[in-house]
Amino acid sequence: MAAAAGGAGGDSGAIDYSVHEAWNEATNVYLLVVLASLALLVYARRNKRRIMRIFTLPPAAETPPEPNFYDSMKKIRLRQQLEMYSIARKYEQQQQPPKQTESVQLSVE
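Since the structure is predicted, the reported quantities are computational estimates derived from the model, not experimental observations.

Engineer: How would you sum up the overall build of the protein chain? Please name residues and give values.
Structural biologist: A tally of regular secondary structure across the protein chain gives four helices and zero strands. Out of the 109 residues in the protein chain, the part that is buried amounts to 1%.

And the structure:
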């Protein structure tokens, strides 16, 4: 049993060493990840417009429906205004033509 315990103690020393190696490798990897993320953050802050342009290009292809929607709303409003104007002109012509026709008839005669 004592030999087994001594053997286990020797193995635990090897395990401790491998744990230290793994810890060192892991901290190196984490350090590299942290440094890379900081570098990307600095790059992103300096080149924000470039990065935003990359992400805004696909919505730019989708934005024409919005202006088309607003253009169609403007056209609808313009059409309504023209219809109201034409209705008002017809109403004015119905109200005033007898006077105008009389004056036109007088001027024609």
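Once you've had a look at it, read on.
Engineer: Could you give an account of the pattern of salt bridges, naming the residues involved and the relevant values?
Structural biologist: Tallied over the full model, the rule gives one salt bridge. Of the charged contacts in the structure, one is a salt bridge between Arg89 and Glu92, with a shortest N-O distance of 3.1 Å. In this pair, Arg89 and Glu92 both sit in helix H3 (residues 65–95), three residues apart, roughly one turn of the helix. With relative accessibility at 37%, the residue Arg89 sits in the partly exposed group. Classification of Glu92 by relative accessible area gives partly exposed; the value is 35%.

Engineer: Would you mind going over a nonpolar patch on the surface in detail, with residue names and values included?
Structural biologist: Residues Leu31, Val34, Leu35, Leu38 and Leu41 make up a contiguous nonpolar surface patch of about 450 Å² in total accessible area. Along the chain, Val34 falls in helix H1 (residues 2–46). Given the relative accessible area of 43%, Val34 is considered partly exposed.

Engineer: Which residues make up the confidence of the model for the protein chain, and what values go with them?
Structural biologist: Averaged over the protein chain, the pLDDT score is 76; the fraction of residues at 70 or greater is 65%. Per-element confidence in the protein chain ranges from a low mean pLDDT of 54 for helix H4 (residues 97–108) to a high of 85 for H3. Throughout residues 1–8 the model reports pLDDT below 50, and contacts reaching past four residues in sequence, or to other chains, amount to zero contacts.

Engineer: Account for the environment of Ser86, with residues named and values stated.
Structural biologist: Along the polypeptide, Ser86 turns up in helix H3. Within the local environment of Ser86, its side chain forms a polar contact with the backbone oxygen of Glu83, the two atoms lying 2.7 Å apart.

Rules and cut-offs
Residues numbered from 1 in each chain as written. Predicted model: local features only at pLDDT ≥ 70, side-chain atom pairs only at ≥ 80, totals over all residues. Heavy atoms only, no water. Helix = DSSP H or I, 4+ residues; strand = E, 2+ residues; numbered from the N terminus. Buried < 20%, exposed > 50% of the residue type's maximum accessible area, 1.4 Å probe, protein only. Salt bridge = Lys/Arg side-chain N within 4 Å of Asp/Glu carboxyl O. Patch = residues over 30% accessible without salt bridge, like charges linked within 9 Å, V, L, I, M, F, W, Y side chains within 5 Å. Areas by Shrake-Rupley, 256 points an atom, 1.4 Å probe, with all protein chains shown as cover. pLDDT = per-residue confidence, 0-100. Contact = heavy atoms within 4.5 Å. Polar contact = N/O pair within 3.5 Å; in protein donor to acceptor, adjacent residues only side chain to side chain.

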